[in-house]
Amino acid sequence: MKKYIFSLLVAALTISFIPGCIEETVPLEGAATSEQMAESSAAMQGSVDGMVAQTYQRYYFFGGDAQLEYDISYAGILITYARQTNDLVNNSATIGYDWWSGYCGAYGYSMKYTSDRQLVPYMTFYKIIKSANDIIGPLAPIADLNADQKVYLGTAYVYRALMYHDLYNCYLPAENEYTDCSKVKDLTVPIILSSAEEESAYKSARAPKEALSALVLADLDKAEELLDGYTPSTGRYPGVPVVYGLKARMYLAMKDYKNAAVYARKAIDASGKTPLTQAQWLDPKTAFCDASANNSWMWYYNIDGSTMGNLCNPTGFLAGEADWGYNSLTQLALHKWIYDRINRSDFRKKSFIDPDRTTYPATYYQWADATGYLADYPFEELPDYMSIKIRCKEGNWTDYATGGAVDWPIMRVEEMYLIEAEAKGMDEGEAAGIAALEDFMQTYRDPDYTYAAAASTFNQGFVKNFQEEVLFQKRVEFLGEGVGFFDAKRIRPGMKTWYPGSNVIHDTMKYDINEVSPYWNWVIPQREIENNPYILEEDATPTEKDGVMTTLNNPDPTNKVQNVAS
């Protein structure tokens, strides 16, 4: 079997793909002692725990000296997804306080392949993939795994599948009218496997989408078998329901709607989870910060208060009440058009400050400490539509070590209901999808919701059809959580931020983008191109190298869309 080394040169801030040989795992001479077996198991458990912990780690790639506040490992990538559809509005006088403005497509912000905004997520994905491969390498060749080893290996396959699923969606180009993607059509990213697996047929070139999706599904098949019968001690570790959920996501990205619906339902049934109630959604001390306070979260990561910071912290960026992070400066709000479209009978609308302060005064909302918070941030001075969906742990908006030491969802069961609704509508006909969507909405979110009423607004230019209506509900449901961006690339709803009455205050953020934003097609960073001969700059000419065609980078999206005149 051909082997190669995947060398992550963190010190040089680059990934190198070096063909060659790698040492085989050598078994111990003779029978292993019980002490040796215990040490080996403890070491592998430590590797798995370390991989899981990497979902949140401040200054994960560059380190603390660089002080890049979006460098928060997978936690930061989830915020990037949440911001790319531009559903949140920055209310700071100085837009520079918002570290994610560039990802929103702000005119003038560089998203070239030389930008750290492109380097950080790419390297984060592959750094976590390497951690998974370091577990898969020694365990995959073992014929008779014990129960613990099966869990270790299955967990590693899940994490690798998650990273490659996300890479598929971030780097697969969506055709758009602003950049020419014809030369990179259907290309994704390099496939890097463990030492126990064959080298990708595409070496380190960008693999076709079919090859990468097949890898994700194969990893999930293995994980499903290995994790059968395993119940994680906490939701920080994935079990079979999470595997089903990731399969539902992958099939949805592939537009295999039949299988997406099948696995979404399997995830719902196997998880035993139930959607958040109104009380859980609005609780000022536990909402979207405490996994133990609900039965909705299928998978989450955790932030330890002893190792976190007040700035490089997801809650500090997104929690409206947090006094210790950047959101106290940006005061992120929901776009007016989204707020206006949410029914008053939908309890999720109470997560945002209504501009009618007389009908909906401060007492209308649930505050963790109204007296203290509103003394520092008077209610009348808060921006219209400001989001208080994401809360501080224990309601502590003044102490970051308490308020920011949160649990954060990676997968909630509500996503599976909405995947099922869209997938049924696309596979079985819209009537089936509408029925599933109405059942979810009327049972769990808005008793007065009807698809007919929602469809009556389709001619207003924001939501135009059934798929976009399901996406709209995802945008409301998962605001700030990172779910919906991949769907937007697939469904192509456009991105309209400037319209009559828009609450956008910064000229650089005023857009009317048709179908797909060029910023949604991420570019592969310069350091990867400099160290990987199989990926070239976007204007180069592909050639054959070692039997494989080299591949080009995605087009630079920077400044390809002009601002709408105000």
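All figures in this text were calculated on a predicted structure; none of them were measured in a lab. (Residues numbered from 1 in each chain as written. Predicted model: local features only at pLDDT ≥ 70, side-chain atom pairs only at ≥ 80, totals over all residues. Heavy atoms only, no water.)

Student: It is not clear to me how the overall build of the protein should be interpreted in this structure. Could you clarify?
Tutor: For the protein, the helix and strand inventory stands at 19 helices and 12 strands. Taken against the 2.2 N^0.38 rule, which gives 24 Å for 566 residues, the C-alpha radius of gyration of the protein at 23 Å falls within 12% of a compact globule. With the principal axes as the frame, the protein shows a C-alpha extent of 80 × 55 × 55 Å. Within the span of the protein, comprising 566 residues, buried residues form 60% of the whole. In the protein, 70% of the contacts between residues at least 6 apart in sequence involve partners at least 24 apart. Seen as two clouds, the 49 positive and the 75 negative side-chain charges of the protein have centres 3 Å apart. (Helix = DSSP H or I, 4+ residues; strand = E, 2+ residues; numbered from the N terminus. Rg over C-alpha atoms; globule rule 2.2 N^0.38 Å. Buried < 20%, exposed > 50% of the residue type's maximum accessible area, 1.4 Å probe, protein only. Contact = heavy atoms within 4.5 Å. Lys, Arg positive; Asp, Glu negative; His and termini not counted. Charge placed at Lys NZ, Arg CZ, Asp CG, Glu CD.)

Student: I'm lost on the pairing of strand E6 (residues 407-412) in this one. Help?
Tutor: Both faces of the sheet carry side chains from a regular strand, because those side chains alternate between them. Among the 6 residues of E6, 6 are classified as buried, and the element is accordingly described as predominantly covered. Alignment of strand E4 (residues 297-302) against E6, held across 5 bridges, turns out to be antiparallel. In the sheet register, tryptophan 297 faces E6, and the bridge partner there is arginine 412. (Pairing = 2+ DSSP bridges.)

Student: Explain the packing of aromatic side chains here, please?
Tutor: How two aromatic rings sit relative to each other is given by the distance of their centres and the angle of their planes. Throughout the structure, instances matching the rule amount to 43 aromatic pairs. In this arrangement the basic side chain of arginine 341 is found over the ring face of phenylalanine 472, its NZ or CZ atom lying 4.6 Å from the centre. Here the guanidinium or amino end of lysine 389 rests over the ring plane of phenylalanine 288, the centre of that ring lying 4.5 Å away. (Phe/Tyr/Trp six-rings, centres within 6.5 Å; stacked < 30°, edge-to-face > 60°. Lys NZ or Arg CZ within 6 Å of the ring centre and 35° of its normal.)

Student: Sorry, what's going on with the environment of glutamate 199 here?
Tutor: With respect to the helices and strands, glutamate 199 occurs in the loop between helix H4 (147-171) and helix H5 (209-226). Through-space distance from the C-alpha of glutamate 199 to that of isoleucine 513 is 40 Å; in sequence the pair is 314 residues apart.

Student: Would you explain the pattern of salt bridges in this entry?
Tutor: Working definition: two side chains of opposite charge can pair if their charged atoms are close together. Under the definition given, this model contains 34 salt bridges. In this structure, aspartate 186 and lysine 209 form a salt bridge, with 3.5 Å as the shortest nitrogen-oxygen distance. Of the two residues, aspartate 186 is situated in the loop between H4 and H5 and lysine 209 in helix H5; the sequence distance between them amounts to 23 residues. Residue lysine 209 is classed as partly exposed on the basis of its relative accessible area of 26%. For lysine 247, the salt bridge goes to glutamate 224, with nearest N and O atoms at 2.7 Å. With lysine 247 in helix H6 (residues 240-253) and glutamate 224 in helix H5, this residue pair connects regions lying 23 residues apart in the sequence. A single network of salt bridges, built from pairs that share partners, joins Asp346, Arg348, Lys389, Arg412, Glu414, Arg445, Glu477 and Glu481. (Salt bridge = Lys/Arg side-chain N within 4 Å of Asp/Glu carboxyl O.)

Student: What's the story with unusual backbone geometry in this structure? I'm lost.
Tutor: Where the residue is not glycine, phi is negative for most of them; where a peptide bond is considered, it is trans in most cases. Although it is not a glycine, phenylalanine 288 sits at a positive phi angle of roughly 55°. On the secondary structure map, phenylalanine 288 appears in the loop between helix H8 (278-282) and E4. Positive phi values are uncommon outside glycine, yet aspartate 546 reaches one of about 55°. With respect to the helices, strands and loops of the structure, aspartate 546 is situated in the loop between strand E10 (544-545) and strand E11 (548-549).

Student: Before we go on, may I ask you to explain H5 in this structure?
Tutor: The periodicity of an α-helix, 3.6 residues per turn, causes residues three or four positions apart to be oriented the same way. Between its terminal C-alpha atoms H5 stretches 26 Å, which fits the 26 Å expected from 18 residues at 1.5 Å a residue. Lining the buried residues of H5 we find H4 and H6. (Expected span 1.5 Å × (residues − 1).)

Student: In this structure, what is going on with the confidence of the model for the protein? I would like to understand it.
Tutor: Detailed conclusions should not be drawn from predicted coordinates in areas where pLDDT is low. Model confidence for the protein is summarised by a mean pLDDT of 92, while 93% of its residues fall at 70 or above. Low pLDDT (under 50) marks residues 1-31, which in the prediction has 68 contacts with non-local residues, meaning those over four places away or in another chain. (pLDDT = per-residue confidence, 0-100.)

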